[in-house]
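Below are the chains, spelled out letter by letter.
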Amino acid sequence: FYALLGLSECYILRVARDQSKQRKPDIQRATDLLRQARQQAPQLAEIAFLEGMLNKLQGKFEQAAPDFERAFRLDRTHWNAAAQAAHVKIFLGRFEEAYAEMEEATKNLLPDIAAAETAYIAGETALVAGHPDRAVSYLDMAIVGNATIARIHGLHAAARWMAGRQE
């Protein structure tokens, strides 16, 4: 069971981080593995979360949002699920709702992680919702978490410009 979860997450992260040489087959592999895992533990928050990630990676934001919300309902400490639920709402045009939910999720999540992904999505959500100063703060954290990702630097530069920080 844990091997199914771990391998599916590996494929998902590979796709999410643009490291997959075969995006569609990797998404299908992860989907198949999660289907097997769901048969064993249908009420596990991590399965709902990973299903949300698969939907998000395929641009199926309307399907991803309930997956992430379900993961958070099943595990009220799964703050990454809450952050992802907020993030997909920007793609659905629900900017202020996304921003408010992201602020709530990240105050519980960011102090506990070193990963740049959550700080990046928090920064993107803040920027799209019209809060460039807050976006800069999140993106500063993202750069500290992983300074090798070009898109973090690009979004950081945009946020700084929108916040009036021309330096």
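Our subject in this report is the structure included herewith. (Residues numbered from 1 in each chain as written. Predicted model: local features only at pLDDT ≥ 70, side-chain atom pairs only at ≥ 80, totals over all residues. Heavy atoms only, no water.)

### Points about the overall build of the chain
The secondary structure content of the chain amounts to 9 helices and 0 strands. Its helices and strands taken in sequence order, the chain reads α-α-α-α-α-α-α-α-α from the N to the C terminus. For a compact globule of 167 residues, the expected C-alpha radius of gyration is about 15 Å, and the chain comes in at 16 Å, within 12% of that figure. Along the first, second and third principal axes, the C-alpha atoms of the chain reach 50 × 35 × 30 Å. When burial is assessed residue by residue, the chain has 46% of its 167 residues classed as buried. For the chain, the proportion of contacts with a sequence separation of at least 24, taken over those separated by at least 6, is 53%. Taken as a whole, the chain presents about 8,700 Å² of accessible surface, with 53% of it coming from carbon and sulfur. Across the chain, 20 positive and 21 negative side-chain charges occur, with their mean positions spaced 5 Å apart. (Helix = DSSP H or I, 4+ residues; strand = E, 2+ residues; numbered from the N terminus. Rg over C-alpha atoms; globule rule 2.2 N^0.38 Å. Buried < 20%, exposed > 50% of the residue type's maximum accessible area, 1.4 Å probe, protein only. Contact = heavy atoms within 4.5 Å. Areas by Shrake-Rupley, 256 points an atom, 1.4 Å probe, with all protein chains shown as cover. Lys, Arg positive; Asp, Glu negative; His and termini not counted. Charge placed at Lys NZ, Arg CZ, Asp CG, Glu CD.)

### What to know about the packing of helix α3 (residues 45-57) against helix α4 (residues 61-74)
Close contact between α3 and α4 brings their axes to 8 Å; oriented N to C, the two are set at 160 degrees. In terms of orientation, α3 lies roughly antiparallel with respect to α4. As α3 runs across α4, the sense of the crossing is left-handed. Seen from α3, the contacting residues are A45, A48, F49, E51, G52, M53, N55 and K56; seen from α4, they are F61, Q63, A64, D67, F68, R70, A71 and L74. Of the residues in the contact of α3 with α4, the class split is 9 nonpolar, 3 polar and 4 charged. (Axes fitted to C-alpha atoms, helices over the stretch in contact; angles between N-to-C directions. Parallel < 35°, antiparallel > 145°, perpendicular 65-115°, else oblique. Left-handed = near helix turned anticlockwise from the far one by under 90°. Nonpolar A, V, L, I, M, F, W, Y, C, P; charged D, E, K, R; others polar.)

### Looking at the side chain of H78
Position of H78 relative to the elements: it lies in the loop between α4 and α5 (79-91). Apart from residues lying up to four places away in sequence, H78 is in contact with A45, E46, F49, A71 and F72.

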